[in-house]
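Observations on the model geometry
Listed here are the chains, written in short residue letters.
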Amino acid sequence: MKIAKPRSPKIGFVSLGCPKALVDSERILTQLRVQGYETASDYSGADLVIVNTCGFIDSAVDESLDAIGEALAQNGKVIVTGCLGAQPQKILDRHPQVLKITGPQRYEEVLAAVHEQLPPTHEPFLDLVPAQGIKLTPRHYAYLKISEGCNHRCSFCIIPSMRGDLVSRPIGEVMREAEGLVRAGVKELLVISQDTSAYGVDLKYAAQDWRGRERRARFFDLSQALSELGVWVRLHYVYPYPHVDEVIALMGEGRLLPYLDIPFQHASPRILKLMKRPAAAENTLSRIHAWRKSLPDLTIRSTFIVGFPGETDAEFDTLLQWMEQAQLDRVGCFEYSAVAGAAANALPDPVPAEVKAERHARFMQLAARTSAARLARKVGREMRVLVDRVEGQQATARTEGDAPEVDGVVHIRHPRGSAHKLKAGDWADVLITGADEYDLEAKPRG
Ligand code: SF4
């Protein structure tokens, strides 16, 4: 069934200046697209306009000021960024009505200004990026969207009716964007899509040249190419098909983060069938055990739905038993709720709200116990972590096993009186000194 697609906010974009400014523009546009914004081809079709300016020489300043004036005249809502933004008074003298001015590479401030004017909508069942993740995307990590849409028809999901079947981006385009992000200072790429392991199916795995070698638009080839960029690469929304095994081998060689985000959603075969989940027939437990055997440090993150229509006590118990055996590191859980237009709404035997809530609580208790046990194994180990922010004597960082916003963090406490030299985006070598249910404690090494 097709349902009306909610209108996405549209952003007009004017990019002026040198290749560095172009990379900034690409970065901002990429993150906006990841967050569900569309780009408008003209001022009148845009809800607001971003002007990325140049301030290098007088003629570039004039050109930038003219571009801002044109955008204001034809649209009215304008955010200014880029080199001329480093001299805000110059802009305000001529155009006091601009909404916000930021300097070059202030991606996160531009995104925050856009959110303020045009809030993004968030649907936990539908969105790839968590709500809290879109408020501020620090410059050291970025989401890399490799495809849009989905060929599956999960009964609780309306993505295919909203966004259509899988449309993968050509591999050359994805890799150029990834390279641009790395050039702009990104140290961690978070690969996202609706179904990452299906990447390229629609393109019949069409090959393109990248760095002098043919690469096919295929999950493994893309993972391999990304692993050559020298940054952390984290894979989200992977399904447990057999070909994931090849990527586990790349992780074992230290070329990709040993991390998989697999939305299992349930473990009861009947519920998975009712959900029409991809890979429902796979023996997921034996696959997880085999991966862990070859890669003991593999972190597995997943999401689940409890209280799906018709879920019996016994089927919920099957899920809990599966969880005990799977020992997943990071787990999110939603109580089933009807999404307008989803096929599952027509299924019989809805689960009463209080039963859903009780199952959710039991599920999360088990997930927390497992998470705590998995994290406790890390105490006493030395690790390299990526710093997300620094406040006073405490830095907040992440290990290879922590995706931003959805997983836990590492709190690095510096000895009293020692000056804090870390800043966001730095690598830090730490000794893990403690763990609770979700987070780790650490101290600087040496
Ligand atoms: S795999 Fe299922 S849940 Fe995920 S986007 Fe496709 S239809 Fe929706």
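Since we're looking at a predicted model, the values are computed, not measured.

The rules behind each value
- Residues numbered from 1 in each chain as written.
- Predicted model: local features only at pLDDT ≥ 70, side-chain atom pairs only at ≥ 80, totals over all residues.
- Heavy atoms only, no water.
- Buried < 20%, exposed > 50% of the residue type's maximum accessible area, 1.4 Å probe, protein only.
- Helix = DSSP H or I, 4+ residues; strand = E, 2+ residues; numbered from the N terminus.
- Arc of directions from axis to C-beta.
- Contact = heavy atoms within 4.5 Å.
- Near = heavy atom within 4 Å.
- Nonpolar A, V, L, I, M, F, W, Y, C, P; charged D, E, K, R; others polar.
- Axes fitted to C-alpha atoms, helices over the stretch in contact; angles between N-to-C directions.
- Parallel < 35°, antiparallel > 145°, perpendicular 65-115°, else oblique.
- Left-handed = near helix turned anticlockwise from the far one by under 90°.
- Pairing = 2+ DSSP bridges.
- Salt bridge = Lys/Arg side-chain N within 4 Å of Asp/Glu carboxyl O.
- pLDDT = per-residue confidence, 0-100.

With that out of the way, let us pick up helix α8 (residues 244-252). Structural remark: α-helix, 3.6 residues per turn; residues separated by three or four positions point the same way. Along α8, the residues classified as buried are Val244, Val247, Ile248, Leu250 and Met251. On an axial view of α8, the arc spanned by its buried residues comes to 155°, and they lie on one face. Where the residues of α8 are buried, they touch α7 (219-227), β12 (232-235), β13 (259-261) and α10 (284-294). Directly after α8, the chain includes Gly254, whose backbone phi takes a positive value near 80°.

If you check the shell around the ligand, you find Cys150, His152, Cys154, Phe156, Cys157, Ile159, Pro160, Gln194, Tyr239 and Arg277 and nothing else. Classifying every residue of the shell around the ligand by side-chain character gives seven nonpolar, two polar and one charged.

It is at 10 Å that the axes of α10 and helix α11 (residues 313-326) come closest, and there the two elements cross at 15°. Relative to α11, α10 is oriented roughly parallel. Where α10 crosses over α11, the handedness of that crossing is right-handed. Along the contact surface, α10 presents Thr284, Leu285, Ile288, His289 and Arg292, while α11 presents Trp322, Gln325 and Ala326. A breakdown of the residues in the contact of α10 with α11 according to their chemical character gives four nonpolar, three polar and one charged.

Turning our eyes to something else, we now look at the sheet that holds strand β4 (residues 78-82). The strand order across the open sheet built from five strands is β2-β1-β3-β4-β5, with neighbouring strands paired in parallel fashion. Two strands lie at the open edges of the sheet, namely β2 (38-39) and β5 (100-101), each paired on one side alone. Sheet topology note: the strand β1 (residues 10-15)/strand β3 (residues 48-53) ladder contains five bridges and is parallel. Within β3, the residue paired with Phe13 across the bridge is Ile50. Against the sheet, helix α2 (residues 58-74) contacts β1, β3 and β4, and its axis sits at roughly 180° relative to β3. Strands β1, β3, β4 and β5 of the sheet are contacted by helix α4 (residues 107-117), whose axis makes an angle of about 175° with β4.

Bringing the pattern of salt bridges into the picture now. What the rule picks out here adds up to 32 salt bridges. Across the salt bridge formed by Arg94 and Asp66, the nearest N and O atoms sit 2.8 Å from each other. A residue pair is termed long-range when its members are at least 10 positions apart, and Arg94 in helix α3 (residues 88-94) and Asp66 in helix α2 qualify at 28 residues. Residue Arg94 is classed as partly exposed on the basis of its relative accessible area, which comes to 41%. Taken together, the shared-partner salt bridges connect Glu188, Arg234, Asp388 and Arg398 into one network.

Before going further, it helps to examine the confidence of the model for the protein. Per-residue pLDDT for the protein has a mean of 88; in total, 91% of the residues score no lower than 70. In the predicted structure, residues 1-5 sits below a pLDDT of 50 and forms ten contacts with residues beyond four places in sequence or in another chain. Within the model, the stretch residues 131-136 combines pLDDT values under 50 with twelve contacts to residues more than four positions away or in other chains.

Okay, the sheet that holds strand β20 (residues 440-444) next. Read once around its circumference, the closed barrel built from five strands follows the order β16-β17-β18-β20-β19, with strand pairing classed as mixed. With direction set aside, neighbouring strand axes in the sheet form an average angle of 50°. Pairing geometry for strand β17 (residues 394-398) and strand β18 (residues 410-413), over four bridges, is antiparallel. Looking across to β18, one finds that Thr396 is bridged to His411.

It is worth spelling out the side chain of Arg330 at this point. Assignment of secondary structure puts Arg330 in strand β15 (residues 330-335). Other than its neighbours up to four places away in sequence, Arg330 contacts Thr299, Ile300, Arg301, Ser302, Ser371, Leu375, Gly401, Asp402, Asp407, Gly408 and Tyr438.

Even without being glycine, Lys204 reaches a positive phi, approximately 55°. As for its position among the elements, Lys204 is in the loop between β9 (188-192) and β10 (207-210). Positive phi, close to 60°, is recorded for Tyr237, a residue that is not glycine. With respect to the helices, strands and loops of the structure, Tyr237 is situated in the loop between β12 and α8. Note on Tyr237: relative accessible area 17%, which makes it buried.

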